[in-house]
Amino acid sequence: MVRYRRRFTLFCVLMCLSVCLVSCEKKKTEGKVEVSAQEFVLRQDKENSYIIDAKGKIKNTGTVDVKNVVVTGQCGSCSEIWTIGIWTISGTEKWPYQKDTISYLPAGSEGEFSFKSVADFASRAGDPAPSMPDKLAVIIESFETVEK
């Protein structure tokens, strides 16, 4: 009989400890950000070259604050091979001027971004200005959740 009481007491103590540990565990929260507005602007860089710049807003739709939100552009219809008369993009690595970083964005707020050179176009002398390429998009490359 004493043996069962000890086991029952030990079981109750262990259950209380496990409940306390589980209740003290930090709740995992994730940040969520999305592009709320985007605009692409065609700009003539030099006499025979054109560049597309981007600007817009990012909204933090999550329940926690985020920091270091890195935003860049993407052109799905552009070529990676530089050729005259075709919209081109740089390789997989973006240059610092092709990105923007929003350092801190509280939950529910918006932040503005702008960066240059989503895509480049080189033309021959006398050619008309090119039209905008298809499949332009602003993408959120990365962000960090702020721990409180």
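Because the structure is a prediction, the values reported are computed rather than measured. (Residues numbered from 1 in each chain as written. Predicted model: local features only at pLDDT ≥ 70, side-chain atom pairs only at ≥ 80, totals over all residues. Heavy atoms only, no water.)

Caption draft 1: Seen up close, the overall build of the protein. Secondary structure summary: the protein contains 1 helix and 6 strands in total. The contacts in the protein between residues at least 6 apart in sequence include a share of 75% that link residues at least 24 apart. Total accessible area on the protein is roughly 10,300 Å²; 56% of this is exposed by carbon and sulfur atoms. (Helix = DSSP H or I, 4+ residues; strand = E, 2+ residues; numbered from the N terminus. Contact = heavy atoms within 4.5 Å. Areas by Shrake-Rupley, 256 points an atom, 1.4 Å probe, with all protein chains shown as cover.)

Caption draft 2: Fine view of the pattern of salt bridges. Within this structure, the stated rule accounts for 4 salt bridges. Put simply, Asp 45 and Arg 43 hold a salt bridge, and the shortest N to O gap is 3.8 Å. According to the relative accessible area criterion, Arg 43 is partly exposed, its value standing at 28%. Between Lys 99 and Glu 141 there is a salt bridge, and its shortest N-O distance comes to 3.4 Å. With Lys 99 in strand β4 (residues 99-105) and Glu 141 in strand β6 (residues 136-145), the pair connects residues that are 42 residues apart, well separated along the chain. The exposure class assigned to Lys 99 is partly exposed, which follows from its relative accessible area of 26%. Through salt bridges with shared partners, a single ionic network connects Arg 43, Asp 45 and Asp 53. (Salt bridge = Lys/Arg side-chain N within 4 Å of Asp/Glu carboxyl O. Buried < 20%, exposed > 50% of the residue type's maximum accessible area, 1.4 Å probe, protein only.)

Caption draft 3: Quick look at the sheet that holds strand β5 (residues 110-122). Pairing is antiparallel in the open sheet, where 3 strands are placed in the order β1-β2-β5. What marks the edges here is a single partner per strand, and that holds for β1 (33-46) and β5. Here the strands of the sheet are splayed against their neighbours by 20° on average, with no regard to which way each runs. Two elements, strand β2 (residues 49-60) and β5, share 10 bridges in a ladder whose sense is antiparallel. Across the sheet, residue Lys 57 finds its bridge partner in β5, namely Glu 112. (Pairing = 2+ DSSP bridges. Axes fitted to C-alpha atoms, helices over the stretch in contact; angles between N-to-C directions.)

Caption draft 4: The packing of aromatic side chains, seen in detail. Within the structure shown, the criterion is met by 2 aromatic pairs. Here Trp 87 and Phe 121 contribute two aromatic rings whose centre-to-centre distance is 5.2 Å and whose plane-to-plane angle is 50°, an arrangement assigned as tilted. A residue pair is termed long-range when its members are at least 10 positions apart, and Trp 87 in the loop between β3 (66-75) and β4 and Phe 121 in strand β5 qualify at 34 residues. Taken as a pair, Trp 87 and Phe 121 share a single burial class, namely buried. For the ring pair Phe 113 and Phe 115, a centre distance of 5.9 Å and an interplane angle of 20° mean the geometry is stacked. Take Phe 115: its relative accessible area is 3%, and that puts it in the buried class. (Phe/Tyr/Trp six-rings, centres within 6.5 Å; stacked < 30°, edge-to-face > 60°.)

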